[in-house]
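Coordinate analysis (summary)
For reference, the chains in residue letters:
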Amino acid sequence: MSAAPVIPWLGRHSLVSEPHEEPRVSMSRIPFDQLPADVRQAVTDKAGAVHQAVTMTGGMNSGVASVLETESGSVFVKGIASDHPQVAAQRREAEIAPHLPTSCPRLYWHLEVGGWSLLGYEVLSGRHADYSPGSADLVLVEAALTELQRITVPADIEIKDAVDRWADYAPPGTLQHFTGNTLLHTDFAPHNVLIADGRARLIDWAWPTRGAAWIDPGTLALRLMDAGHPAENAIAFAGRFPSWRNTEPEAMTAFGSASAALWREVAEEDPTPWKQRMAKRAAAFRLALL
């Protein structure tokens, strides 16, 4: 039996809002057939006649999130009103899409029409990654991140810089370690990694970042700890990537301190259990890197 389609790239970012950016605001979900006629026609012009539209229930940051069955095949459409504060994140997602590795869902088209910003994505069938110790998914996640580590950010694309993202959290005098031109994902929560067709697919690219390549292995290590890996094992996994293995120890300790400070702030602002848990993991991560 084939796996059911999973559409987890609806903008369900683990930190809820990006530091130094507009807070993410939940919005009501609108069925595709309730969009204005000119907007639906623009989608039809791109995808062909729509035979069926199924509204997705997951996520909270897309006004439109529908899987369309069209005469040219399936397409996942997510959209946001053009005047919404979060539309900049979706446009940034569209801008970076052509430069993403093959482990990422393909963006077919981007439309700005009738007061809506819409993205048309490849539909994948799969499940969220299992990060638990001994999981066979870990080698697939390693392969996907290895591919991503080779991607540099084109000079003409304006995205957040790692130095700016961690400026309020890294110890004084350490931000130079965060500088680089590698394309970073920075949020390896398991719901942002889809296992499909025997590969790990990296999803939810609303917050792409330019920075040092070692940062992504570090963020992955923290998520492995949350899945049950001891700190030393998670850090050893990060060491499978040359960028982490070859970076200066001062960079690792700076990242550990920055991660602990960031998650402490997140948990203080919203003390939900999983954020409290991540703050504890980040504190243990910092100690393991000293």
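Just so you know, these numbers come straight off a predicted model, no measurement behind them. (Residues numbered from 1 in each chain as written. Predicted model: local features only at pLDDT ≥ 70, side-chain atom pairs only at ≥ 80, totals over all residues. Heavy atoms only, no water.)

**Regarding the overall build of the chain**
Here is the rule: Each helix is a run of DSSP H or I of at least 4 residues and each strand a run of E of at least 2, with the numbering of both proceeding from the N terminus. Relative accessibility decides the category of a residue: with a 1.4 Å probe and only protein chains considered, values under 20% of the type maximum give buried, values over 50% give exposed, and everything between is partly exposed. In this description, contact between two residues means that some pair of their heavy atoms is separated by no more than 4.5 Å. Accessible surface is estimated by sampling points in the Shrake-Rupley manner with a 1.4 Å probe; for residues, cover comes only from the protein chains shown.
From N to C terminus, the chain includes nine helices and eleven strands. Taking all 290 residues of the chain together, the buried fraction comes to 55%. Sequence-distant contacts in the chain: of pairs separated by 6 or more residues, those separated by 24 or more amount to 72%. Roughly 12,500 Å² of accessible area belongs to the chain as shown, and the carbon and sulfur atoms make up 51% of that amount.

**Re the side chain of Glu147**
Tracing the backbone shows Glu147 in helix α3 (residues 137–148). A relative accessible area of 18% means that Glu147 is categorised as buried. Setting aside its immediate chain neighbours within four residues, Glu147 contacts Pro101, Thr102, Ser103 and Arg199.

**A closer look at the sheet that holds strand β4 (residues 107–113)**
Strands pair in a sheet through their backbones, by hydrogen bonds, and they do so in one of two ways: parallel or antiparallel. The line we're drawing: Any two strands with at least two DSSP bridges between them are considered paired. To define axes, lines are fitted to C-alpha atoms, for helices over the stretch in contact only, and angles between the resulting N-to-C directions are given on a 0 to 180 degree scale.
Strand order in this open sheet of five strands is β1-β2-β3-β5-β4, and the pairing throughout is antiparallel. Since the sheet does not close on itself, it has two edges, and those belong to β1 (50–55) and β4, each with one partner. Averaged over all adjacent pairs, the angle separating strand axes in this sheet is 25°, with direction ignored. Pairing between β4 and strand β5 (residues 116–121): six bridges, direction antiparallel. Directly across from Glu112, in β5, lies its bridge partner Ser117. Lying on the sheet, helix α1 (residues 37–47) is in contact with β1, β2 (64–70), β3 (73–81), β4 and β5; it crosses β4 at an angle near 150°.

**Topic: the confidence of the model for the chain**
In regions of low pLDDT, the predicted coordinates are not meant to be interpreted in detail. Threshold: pLDDT: the predictor's confidence for each residue, scored from 0 to 100.
When pLDDT is averaged along the chain, the result is 89; 89% of the residues meet or exceed 70. Low pLDDT (under 50) marks residues 1–24, which in the prediction has 86 contacts with non-local residues, meaning those over four places away or in another chain.

**Examining the nonpolar core**
Across soluble globular proteins, nonpolar side chains show a tendency to be buried alongside one another. Applicable threshold: To define a nonpolar core, start from buried Ala, Val, Leu, Ile, Met, Phe, Trp, Tyr and Cys residues and group those joined through side-chain atoms within 4.5 Å.
Membership of the largest hydrophobic core comes to 58 residues, with the highest contact counts inside it found for Tyr131, Phe178, Leu183, Ile215, Leu220, Trp244 and Phe285. When residues of this core are traced back to their parent elements, those giving at least two are α3, β8 (182–184), β9 (193–196), β10 (199–202), α5 (215–226), α6 (231–238), α8 (249–269) and α9 (273–289). Considering every element that reaches this core, the biggest residue donor is α8, with eleven residues. Contacts of Phe178, omitting those with residues within four sequence positions, involve Ala162, Val163, Trp166, Ala170, Gly211, Ala212, Trp214, Ile215, Ala254, Phe255 and Ala258.

**Observations concerning the pairing of β2**
For β2, a buried count of six out of seven residues is recorded, marking the element as mostly surrounded by other parts of the structure. Sheet topology places β1 next to β2; five bridges connect them, and they run antiparallel. Residue pairing for β2: Gln52 is matched across the bridge by Glu69. Linking β2 to β3, which pair antiparallel, is a turn of two residues.

**Describing α9**
Put simply, the rule is: Each helix should span, by expectation, one fewer than its residue count multiplied by 1.5 Å. Note that the arc is computed from the directions linking the helix axis to the C-beta atoms.
Here α9 contains 17 residues, and its C-alpha end-to-end distance of 25 Å stays within 8% of the 24 Å for a straight helix at 1.5 Å per residue. Those residues of α9 that sit buried are Lys275, Met278, Ala279, Ala282, Phe285 and Leu289. All buried residues of α9 lie within an arc of 120° about the axis, which places them on one face of the element. In α9, the exposed positions that point more than 90 degrees away from the buried face belong to Pro273, Lys280 and Leu287. In this structure, the buried residues of α9 make contact with α5, α6, α7 (242–245) and α8.

**Section: the packing of α8 against α9**
The axes of two packed helices give the description: the angle between them and the distance between them. The condition is simple: Here roughly perpendicular refers to angles of 65 to 115 degrees, roughly parallel to angles under 35, roughly antiparallel to angles over 145, and oblique to all remaining angles. What makes a crossing left-handed is the near helix being turned counterclockwise from the far one by less than a right angle; a clockwise turn instead makes it right-handed.
Running from N to C, α8 and α9 cross one another at 160°; their axes reach a closest spacing of 8 Å. Accordingly, the angle class assigned to the pair α8 and α9 is roughly antiparallel. The two elements α8 and α9 meet at a crossing, and its hand is left-handed. The residues of α9 that touch α8, namely those facing Met252, Thr253, Phe255, Gly256, Ser257, Ser259, Ala260, Trp263, Arg264, Val266 and Ala267, are Trp274, Lys275, Gln276, Met278, Ala279, Ala282, Ala283, Phe285, Arg286 and Leu289.

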